[in-house]
Amino acid sequence: MQRPSVKKGQHKKPPPSSSPPSHAAATSSLFSFHVLALLSVYAFAAFFFFYFWQGKQTHEKAMYETQNLTLDHLRQCASIRTAPEDTHFAASMSWSEQSNQRAQEVLAYVTPWNRQGFVVAETYAHKLTYLAPVWYQLRKQHQQQEQQQHQRQQLELTGKHEFNGTWLDNVRHKSGRVRIVPRVIWEVPAFVNPEQVAEVVGLLVDEAKERNYDGYTLEFPIDARGVFAHLTSSLKASLSQAIPPSLPPILIVAIPAFQMPTRPATPREMHVTPSMLLSLSPHVDRFSLMTYDYGRDPSGAPNSPLGWMEETIESFVQGRKEGGADKGADLVKIKMLLGLPWYGYVGGQAIVGHEFERKVLERPEKVRRFEWGEESQELIFSLRGEGGRDGRRQDEMVGTFPTPAFFWRRFALVSEMGMAGIAVWEVGQGLECFPMLW
């Protein structure tokens, strides 16, 4: 039956097609509409996710590179829980990966009184070059002990009970390249004398053979007479014969803080000179500099000002230009490890990472100043004082704490000065993100 025609001028309905549309065609059109709508939603979600992710990555990168710090930046740094095996994160955050400079060596100190350091060292063993557990002391024996031992032994190696073989096995399993070089500190109130050299060498070689060490980090006073230089030479030769010959033994000398020539409290007669280091250089693989605890201000801030660190490095190599001795000075410099602290100060008291979080990051209402020190190149902040025991209000407390930007500038200094790498005192004290910066 034919429908009546539409009168001219009436446009209420479109003219009918020659044949009515099938049900299948209508369903197909509806399906296409739904697919297009769904794809549009997915495209918008993908764009939003990419925009958010890109902004997050930019923010995280800025957190590691900028000197314009905020409390929020460091809260993120303190709360990062990214696995070290995350290659994308490592590539974006690791200075050695980002930089065109050569990779730096890392010496990590681990202390028995900070158990978190053992966890960090094991987790990031693949990033370490040297690992120095702070276990041993060389002390003078008590007279009663000396009489009981029917021999002329004057010294004893203490701290053997701190040895943790299971932990060392785990570290070596994580990284086959890390060298285990425990720190030994000289706790006799005098320089080493020539009669003690053989005894010191014997004690250290016996312990290295039993524990399968790769060498030692020695914190001894360095004398101008050359006795300590003789000790390092004898120890290096004896270790070469005593431990497995697959790799040569490693000797690292930590220059004592009380002999640092750029510290105001160091007497001139105690200064370590370039000549002393040059005499040690043939037998010593690395020099660990204690470039922290600057100590010019009672607050403890700044802790490691950049200019002072550079001055310290130069003080160990200056004055060697005459007679072609500058080559020897360069040989000393390329063996240096710049000391970097993982701790800070507040009001003259040392604080570690979890204390910085509790006292500063989690209490923004107490923070009065939080800024980058242009001269020191480190974070300087101040906290509102609290009531003391006598009820009086304490003055404002000034503090400092290392940040990613703090490390960037010192990594660059190491590269510019042609040094071997860095020495961290001590792992486990800092924020969660710190080992990710190696």
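Residues numbered from 1 in each chain as written. Predicted model: local features only at pLDDT ≥ 70, side-chain atom pairs only at ≥ 80, totals over all residues. Heavy atoms only, no water.

Q: Help me understand the overall build of the protein in this model?
A: Helices and strands together make up the secondary structure of the protein, namely 14 helices and 15 strands. Burial analysis of the protein (438 residues in total) assigns 50% to the buried set. Partitioning the intrachain contacts of the protein with sequence separation of at least 6 by distance along the chain shows that 73% fall at a separation of at least 24. Element-wise, carbon and sulfur atoms account for 54% of the exposed surface of the protein, whose accessible area totals about 23,200 Å². (Helix = DSSP H or I, 4+ residues; strand = E, 2+ residues; numbered from the N terminus. Buried < 20%, exposed > 50% of the residue type's maximum accessible area, 1.4 Å probe, protein only. Contact = heavy atoms within 4.5 Å. Areas by Shrake-Rupley, 256 points an atom, 1.4 Å probe, with all protein chains shown as cover.)

Q: What is the right way to read the packing of aromatic side chains from this model?
A: By convention here, two paired aromatic rings are described through the distance between centres and the angle between planes. In this structure the tally under the stated criterion is 23 aromatic pairs. Aromatic side chains Tyr213 and Tyr216 sit 6.0 Å apart centroid to centroid with 75 degrees between the ring planes, which places their arrangement in the edge-to-face category. Considered together, Tyr213 and Tyr216 belong to a single accessibility category, that of buried residues. With a centroid separation of 5.9 Å and an interplanar angle of 75 degrees, the aromatic rings of Tyr343 and Tyr345 are classed as edge-to-face. Comparing Tyr343 with Tyr345 shows no difference in burial state: the two are buried. Against the face of Phe118 rests Arg115, its NZ or CZ located 4.4 Å from the ring centre. (Phe/Tyr/Trp six-rings, centres within 6.5 Å; stacked < 30°, edge-to-face > 60°. Lys NZ or Arg CZ within 6 Å of the ring centre and 35° of its normal.)

Q: Looking at this structure, I do not really get unusual backbone geometry. What am I missing?
A: With the exception of glycine, most residues fall at negative phi, and the peptide bonds are largely trans. Across the junction of Ala301 and Pro302, the peptide omega takes the value 0 degrees, indicating a cis bond. When you line up the elements, Pro302 lands in the loop between strand S8 (286-288) and helix H11 (306-315). The omega torsion across Trp425 and Glu426 is -25 degrees, close enough to zero to call that bond cis. Of note in the backbone geometry, Gln377 takes a positive phi value of approximately 60 degrees without being a glycine. For Gln377, the location among the structural elements is in the loop between strand S12 (367-373) and strand S13 (378-383).

Q: Even after reading the chapter, I still don't get the pattern of salt bridges, so can you show me in this structure?
A: When their charged atoms lie close together, side chains carrying opposite charge are able to pair. Applying the stated criterion across every chain, the model contains eleven salt bridges. Across the pair Arg363 and Glu365 runs a salt bridge, and its minimum N-O distance is 3.5 Å. Using a relative accessible area of 49% as the deciding quantity, one classes Glu365 as partly exposed. A salt bridge links Arg368 to Glu396; the nearest nitrogen and oxygen atoms lie 3.5 Å apart. Linking Arg368 in strand S12 with Glu396 in the loop between S13 and strand S14 (397-401), this pair joins segments that are 28 residues apart in sequence. The exposure class assigned to Arg368 is exposed, which follows from its relative accessible area of 58%. Given a relative accessible area of 36%, Glu396 falls into the partly exposed group. Within this structure, Lys160, Glu207, Glu210 and Arg211 form a network of salt bridges that share partners. (Salt bridge = Lys/Arg side-chain N within 4 Å of Asp/Glu carboxyl O.)

Q: I would appreciate a short explanation of the packing of helix H2 (residues 71-79) against helix H13 (residues 353-361) in the present structure.
A: For any two helices packed against each other, the geometry comes down to the angle between their axes and how far apart the axes lie. Interhelical geometry of H2 versus H13 gives an angle of 150 degrees and a closest axis separation of 11 Å. Put simply, H2 runs roughly antiparallel to H13. Here H2 runs over H13; the crossing is left-handed. Here Leu71, Leu74, Arg75 and Ala78 of H2 come into contact with H13, specifically with Phe356, Glu357, Val360 and Leu361. Residue classes in the contact of H2 with H13 are distributed as six nonpolar, no polar and two charged. (Axes fitted to C-alpha atoms, helices over the stretch in contact; angles between N-to-C directions. Parallel < 35°, antiparallel > 145°, perpendicular 65-115°, else oblique. Left-handed = near helix turned anticlockwise from the far one by under 90°. Nonpolar A, V, L, I, M, F, W, Y, C, P; charged D, E, K, R; others polar.)

Q: Explain the state of the cysteines here, please?
A: Chemically, a disulfide is nothing more than a covalent bond linking the sulfur atoms of two cysteines. A complete count under the given rule lists one disulfide for this structure. The disulfide bridge from Cys77 ends at Cys433, spanning 1.7 Å between sulfur atoms. Taken together, the residues span a long stretch of sequence, with Cys77 in helix H2 and Cys433 in the segment after strand S15 (421-425) at a distance of 356 residues. Accessibility expressed as a relative area gives 0% for Cys433, which makes it buried. (Disulfide = S-S within 2.5 Å.)

Q: Can you walk me through helix H5 (residues 116-123) in this structure?
A: Every α-helix winds through 3.6 residues per turn, so residues three or four apart in the chain are directed the same way. Of all the residues in H5, the buried ones are Gly117, Phe118, Val120 and Ala121. Taken around the axis of H5, the buried residues stretch over an arc of 165 degrees, which confines them to a single face. Among the structural elements, strand S1 (105-110), strand S2 (130-140) and helix H7 (165-174) are those in contact with the buried residues of H5. (Arc of directions from axis to C-beta.)

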